[in-house]
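Overview (structure and organization)
Listed here are the chains, written in short residue letters.
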Amino acid sequence: MLAAPMSNFSASGSTARAGQSEKARETVQAHTLIALVQDRTGAIDRVVGLMRRRRANMQTLVLGRSEVDDVVRVTVSVDDSEVAVEHLVEQLRKILDVRNVINIPEQEAISRELALIKVAYTPAQKAEIFEIAQLFSAHVVDVAAETMTLEVSGSTARVEKCVAQLNPYGIREVARSGRVTMARGTND
């Protein structure tokens, strides 16, 4: 029986990725990339396709209009090494429809997330759920006979804490936006 060549494996036994560093898993960090992309047919597909081919470990992907007409703002949260992310940024810049790509360090970022949380309740629990909503500055956006839907926004950690507090009541559904991010201050 022939053995497979080991050239694609690192010392840790994991497969190497094209354009990725061989650094230990401990050096993986959270990065936020913002790409401004021309709003043309297939442009977003090319951006997402490149990230998929480069095996970017995307945590969130948010698309939305930017302050410029016909330009879409793509915000991607990735977990990877600095070397891998810088290589990804350079590859994204080569796409014709990409106007600009920036990697915003966590300490220079303003990030927010939105979540809609549908939670089950009994009449006896209604007041408790309202208290939790007030604690997290959440808004009640819908009340039905057996469920209540809350809207909470803030940091990812804040949203996760709110979900954790509501979990004992029986969460029926959670819809999260992913992180929307911009750089602090007036730097471009």
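What counts and what doesn't
Residues numbered from 1 in each chain as written. Predicted model: local features only at pLDDT ≥ 70, side-chain atom pairs only at ≥ 80, totals over all residues. Heavy atoms only, no water. Core = buried A, V, L, I, M, F, W, Y, C linked by side-chain atoms within 4.5 Å. Buried < 20%, exposed > 50% of the residue type's maximum accessible area, 1.4 Å probe, protein only. Helix = DSSP H or I, 4+ residues; strand = E, 2+ residues; numbered from the N terminus. Contact = heavy atoms within 4.5 Å. Patch = residues over 30% accessible without salt bridge, like charges linked within 9 Å, V, L, I, M, F, W, Y side chains within 5 Å. Areas by Shrake-Rupley, 256 points an atom, 1.4 Å probe, with all protein chains shown as cover. Salt bridge = Lys/Arg side-chain N within 4 Å of Asp/Glu carboxyl O. Pairing = 2+ DSSP bridges.

On to the nonpolar core. Val37, Val47, Met51, Leu88 and Leu92 are the most contacted members of the largest nonpolar core, which has 19 residues in total. Residue assignment for this core shows that the elements contributing at least two residues are β1 (29–38), α1 (43–53), β3 (71–80), α2 (82–93) and β4 (98–104). Val37 has contacts with Ala43, Ile44, Val47, Asp70, Val71, Val72, Val74, Asp97 and Val98, leaving out every residue within four places of it along the chain. Counting residues in each nonpolar core, the second largest holds 17 residues, with Ala115, Ile117, Ala133 and Val163 among its members.

Here we come to the environment of Ala84. Turning to its location among the elements, Ala84 is positioned in helix α2. What makes Ala84 buried here is its relative accessible area of 2%. Taking C-alpha positions, Ala84 is 9.5 Å from Val28, a pair spaced 56 residues apart along the chain.

Of all the residues in α1, the buried ones are Ala43, Val47, Gly49, Leu50 and Met51. The inward-facing, buried residues of α1 contact β1, β2 (58–65), β3, α2 and β4. Of the residues one or two after α1, Arg55 is the one with positive phi, at around 55 degrees.

On the surface, a cluster of nonpolar side chains totalling about 200 Å² of accessible area is made up of Phe130, Val140 and Val143. Mapped onto the secondary structure, Val143 falls in strand β6 (residues 139–143). With relative accessibility at 41%, the residue Val143 sits in the partly exposed group.

Counting buried residues in strand β7 (residues 147–154) gives six out of eight residues, a clear majority hidden from the surface. In terms of strand pairing, strand β5 (residues 109–120) meets β7 through eight bridges, oriented antiparallel. Pairing of Leu114 across the sheet is with Ser153, part of β7. Taken together, β6 and the strand that follows it, β7, pair antiparallel across an intervening segment of three residues.

Turning next to the pattern of salt bridges. Per the stated rule, a full pass over the model turns up seven salt bridges. Arg46 is the partner of Asp97 in a salt bridge, and the nearest nitrogen-oxygen pair spans 2.5 Å. Residue Asp97 is found in the loop between α2 and β4, and its partner Arg46 is found in helix α1; the two are separated by 51 residues along the sequence. With a closest N to O distance of 2.6 Å, Glu113 and Arg176 form a salt bridge. One end of the pair, Glu113, is in strand β5; the other, Arg176, is in strand β8 (residues 171–176), with 63 residues separating them in the sequence. Residue Glu113 is classed as buried on the basis of its relative accessible area of 5%. Three or more residues joined by partner-sharing salt bridges are found here, namely Arg40, Arg46 and Asp97.

Phi at Asp70 takes a positive value of approximately 60 degrees, unusual for a residue other than glycine. The residue Asp70 is located in the loop between β2 and β3 in this model. What makes Asp70 exposed here is its relative accessible area of 52%. Unlike most non-glycine residues, Ser137 shows phi in positive territory, near 55 degrees. With respect to the secondary-structure elements, Ser137 resides in the loop between α3 (126–135) and β6.

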